[in-house]
Amino acid sequence: MYFSSKKDLWLAVVVWGAIFATNVPAFILGEIAGLAIALPISLFICWFWFATGYIVEDKEIILKYGPVKNSVAIQEIKKLSKTKNPMSAPALSLDRIEIEYGRFADFVLVSPEKEREFILLILKKNPEIELDEKIKRILND
């Protein structure tokens with residue numbers, strides 16, 4: 001099942017503001033060289049904006065963000081926690097879930113729009129996952 005990433009308003013302003021600020025002046029001034037540089041960069045940024053999401057399959061979660069693809073084995077997940085951690089992550093919101101997995105306490109941050117459904121689906125596949133109090137509250141709401 002596919003879950004798209006939440007998108008924070010402040011990040012939308014930054015992303016679309018940067019795209020606008022780099023492309024519109026070059027377009028208005030007719031600077032072909034400027035557009036030749038700004039347009040591909042803008043399209044690359046749009047790729048991240050429109051293609052950040054998570055696919056929960058039988059045995060893994062596939063994390064997609066732009067051209068980057070990664071995965072986490074569901075059976076290796078140890079803990080789910082709510083966080084506002086601003087670290088770089090395949091998430092377009094600061095309202096995030098930290099997924100702790102692996103032998104060495106690796107983690108990834110995600111921000112699914114449908115948090116509750118995302119969590120329940122993962123727990124259905126691995127009920128042994130530890131949950132922090134904030135995650136438990138989401139499930140009880």
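Residues numbered from 1 in each chain as written. Predicted model: local features only at pLDDT ≥ 70, side-chain atom pairs only at ≥ 80, totals over all residues. Heavy atoms only, no water.

Peer 1: Just checking my understanding: could you explain the nonpolar core for this structure?
Peer 2: The biggest cluster of nonpolar side chains holds 26 residues, and the ones touching the most others in it are Ile61, Ile77, Leu80, Ile99 and Phe118. The set of elements that each furnish at least two residues to this core consists of strand 2 (52–56), strand 3 (60–65), strand 5 (77–83), strand 6 (96–101), strand 7 (106–110), helix 3 (115–125) and helix 4 (133–140). In terms of residue count, helix 3 provides more of this core than any other element does, five residues in total. Apart from the residues lying within four places of it in its own chain, the contact partners of Ile77 are Ile61, Val72, Ile99, Glu100, Tyr101, Ile122, Asn126 and Ile129. Leu11, Val15, Trp49 and Leu92 belong to the second-largest nonpolar core, a separate cluster that totals seven residues. (Core = buried A, V, L, I, M, F, W, Y, C linked by side-chain atoms within 4.5 Å. Buried < 20%, exposed > 50% of the residue type's maximum accessible area, 1.4 Å probe, protein only. Helix = DSSP H or I, 4+ residues; strand = E, 2+ residues; numbered from the N terminus. Contact = heavy atoms within 4.5 Å.)

Peer 1: Got a minute to help me understand the packing of aromatic side chains in this structure?
Peer 2: Two aromatic rings, taken as a pair, are described by how far apart their centres are and by the angle between their planes. Counted under the stated rule, the structure contains six aromatic pairs. Considering the side-chain rings of Phe3 and Phe118, the 5.3 Å spacing of their centres and the 85° angle between planes classify their relative orientation as edge-to-face. Here Phe3 is found in strand 1 (residues 2–4), whereas its partner Phe118 is found in helix 3, with 115 residues between them in sequence. Phe118 shares its class with Phe3; the two are buried. Plain terms: the ring middles of Phe44 and Phe48 are 5.2 Å apart, the flat faces sit at 80° to each other, and that makes the pair edge-to-face. Of this pair, Phe44 and Phe48 are both found in helix 2 (residues 32–50), four residues apart, which corresponds to roughly one turn of the helix. The class for Phe44 is partly exposed, based on a relative accessible area of 41%. Taken together, the aromatic side chains of Phe3, Tyr54 and Phe118 make up a single cluster linked through ring pairs. One Lys or Arg, Lys7, reaches over the ring of Trp49 and ends 5.6 Å from the middle of that ring. (Phe/Tyr/Trp six-rings, centres within 6.5 Å; stacked < 30°, edge-to-face > 60°. Lys NZ or Arg CZ within 6 Å of the ring centre and 35° of its normal.)

Peer 1: Just to check I follow, could you spell out the layout of surface pockets for this structure?
Peer 2: It is a probe the size of a water molecule, rolled over the atoms, that shows where empty space is left. Approximately 150 Å³ is the volume attributed to the largest pocket. If you go around the largest pocket, you meet 13 residues; those closest to its centre are Met87, Ser88, Ala89, Ala91 and Arg96. Of the residues contributing to the lining of the largest pocket, the split by class is ten nonpolar, two polar and one charged. (1 Å grid on protein atoms, 1.4 Å probe; cavity = no way out; pocket = protein on both sides within 12 Å on 5 of 7 lines; lining within 4 Å. Points joined across faces, edges and corners; volume = space filled by probe spheres on them. Nonpolar A, V, L, I, M, F, W, Y, C, P; charged D, E, K, R; others polar.)

Peer 1: Would you mind going over the packing of helix 1 (residues 9–29) against helix 2 with me for this structure?
Peer 2: Describing two packed helices takes the angle between their axes plus the distance from one axis to the other. Two elements in contact, helix 1 and helix 2, have axes separated by 9 Å at closest approach and are oriented at 160°. With respect to their mutual orientation, helix 1 and helix 2 come out roughly antiparallel. Here the hand of the crossing between helix 1 and helix 2 comes out left-handed. Mapping the contact onto sequence places Leu11, Ala12, Val15, Trp16, Ile19, Thr22, Asn23, Ala26 and Phe27 in helix 1 and Gly34, Leu35, Ala38, Leu39, Ser42, Ile45, Cys46, Trp49 and Phe50 in helix 2. For the contact of helix 1 with helix 2, the per-class residue count stands at 14 nonpolar, four polar and no charged. (Axes fitted to C-alpha atoms, helices over the stretch in contact; angles between N-to-C directions. Parallel < 35°, antiparallel > 145°, perpendicular 65-115°, else oblique. Left-handed = near helix turned anticlockwise from the far one by under 90°.)

Peer 1: Mind showing me how you'd approach the sheet that holds strand 8 (residues 130–131) here?
Peer 2: Across a sheet, paired strands are connected by hydrogen bonds in the backbone, their directions being either parallel or antiparallel. The strand order 7-6-5-8 describes an open sheet built from four strands, whose pairing is mixed. Pairing within the sheet leaves two strands with one partner each, and these edge strands are strand 7 and strand 8. Bridge count for strand 5 against strand 8 is two bridges, and the pairing is parallel. Bridge pairing in strand 8 places Lys79 opposite Glu130. Lying on the sheet, helix 3 is in contact with strand 5, strand 6, strand 7 and strand 8; it crosses strand 6 at an angle near 15°. Helix 4 rests against strand 5, strand 6 and strand 8 of the sheet, and its axis sits at about 80° to strand 5. (Pairing = 2+ DSSP bridges.)

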